[in-house]
Amino acid sequence: MHSALHHNGGRADSPALHNDSNPPTIDGDTYTMHALMSAPPASFDDPTPINDTDGTYLRQAIAWSCTARARGNRPFGAVVISAEGHLLAEAYCNTTETGDCTGHAETNAVRQLSPRVGRDALAKATLYSSAEPCVMCAGAIFWSGIGRVVFGIDAERLRVFRGERAEQRDAELSCRDVFAASPHAIECIGPALVEEASAPHIGFWKV
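Figured I'd write up the structure that's included with this text. Bear in mind that the values here come from a model prediction, so they are computed numbers and not experimental data.

This brings us to the packing of aromatic side chains. This model, assessed by the stated rule, comprises three aromatic pairs. For the ring pair Trp-64 and Tyr-92, a centre distance of 6.1 Å and an interplane angle of 20 degrees mean the geometry is stacked. One end of the pair, Trp-64, is in helix α2 (residues 52-70); the other, Tyr-92, is in strand β4 (residues 87-92), and 28 residues separate them in sequence. Of the two residues, Trp-64 and Tyr-92, neither departs from the other in class, the shared state being buried. Here the aromatic rings of Phe-142 and Trp-143 are separated by 4.8 Å at their centres, their planes lie at 65 degrees, and the arrangement is edge-to-face. Here Trp-143 falls in the exposed class, since its relative accessible area comes to 66%.

Below is the structure:
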């Protein structure tokens, strides 16, 4: 993990990973998804079971989302891991710090990769995101050639947090629709670790 902050890539001192018994915390408070969404709509996708390796790296992305929030940004984080298990990139959303509206976690991670990592390696790599990639980030993932994505909270659940304020709404197009239009395969797994990935968003969005 890198220790120096890289504003263009959204990196900072590495946050600690979280486990099931210790969900991410903000300002000393432990949040639960149940309090906010006691009766989620039936249209929500069921959480996807993932293996221990995917869980480790997805929790790393979730930890970066906590870092983003702590720095005053929207709570999103991402890491990219090679097929051999090497860290290729790590980033968080830094739109508030930089004023760059494209400074989303996944796009910041992709910026770190190109042209440093070849497309053959990226085709076998996995991008882990604390939340379902937006349309822009899905496009960046496509153009990078990354072949696999694992994400935490899905866009539908995230919209409950975003509410109806215009500046907080997203383009309602699934990343899977973007990936499906790709001429090369992009595997997409999620939502996963939904409660852990949701925790940094509780109390953050304006209502």
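This next bit is on the side chain of Thr-126. Mapped onto the secondary structure, Thr-126 falls in strand β5 (residues 126-131). There is a polar contact of 3.1 Å between the side chain of Thr-126 and the side chain of Arg-148. Beyond its immediate sequence surroundings of up to four residues, Thr-126 is in contact with Val-79, Val-80, Ile-81, Arg-148 and Val-150.

What follows concerns the sheet that holds β5. Spatially, five strands are ordered β4-β3-β5-β6-β7 in an open sheet, and the strand pairing comes out mixed. Of all strands in the sheet, those bounded by a partner on one side alone are β4 and β7 (187-189). With direction set aside, neighbouring strand axes in the sheet form an average angle of 15 degrees. Pairing geometry for strand β3 (residues 77-81) and β4, over five bridges, is antiparallel. Paired with Ile-81 across the two strands is Leu-87, which belongs to β4.

Here the focus is the side chain of Ser-129. Note that Ser-129 resides in strand β5. According to the relative accessible area criterion, Ser-129 is buried, its value standing at 1%. A distance of 2.8 Å separates the side chain of Ser-129 from the side chain of Glu-106, its partner in a polar contact. Filtering out sequence-adjacent residues up to four positions away, Ser-129 remains in contact with Leu-58, Ala-61, Gly-77, Ala-78, Glu-106, Val-150, Phe-151 and Gly-152.

Criteria and cut-off values
- Residues numbered from 1 in each chain as written.
- Predicted model: local features only at pLDDT ≥ 70, side-chain atom pairs only at ≥ 80, totals over all residues.
- Heavy atoms only, no water.
- Phe/Tyr/Trp six-rings, centres within 6.5 Å; stacked < 30°, edge-to-face > 60°.
- Helix = DSSP H or I, 4+ residues; strand = E, 2+ residues; numbered from the N terminus.
- Buried < 20%, exposed > 50% of the residue type's maximum accessible area, 1.4 Å probe, protein only.
- Polar contact = N/O pair within 3.5 Å; in protein donor to acceptor, adjacent residues only side chain to side chain.
- Contact = heavy atoms within 4.5 Å.
- Pairing = 2+ DSSP bridges.
- Axes fitted to C-alpha atoms, helices over the stretch in contact; angles between N-to-C directions.

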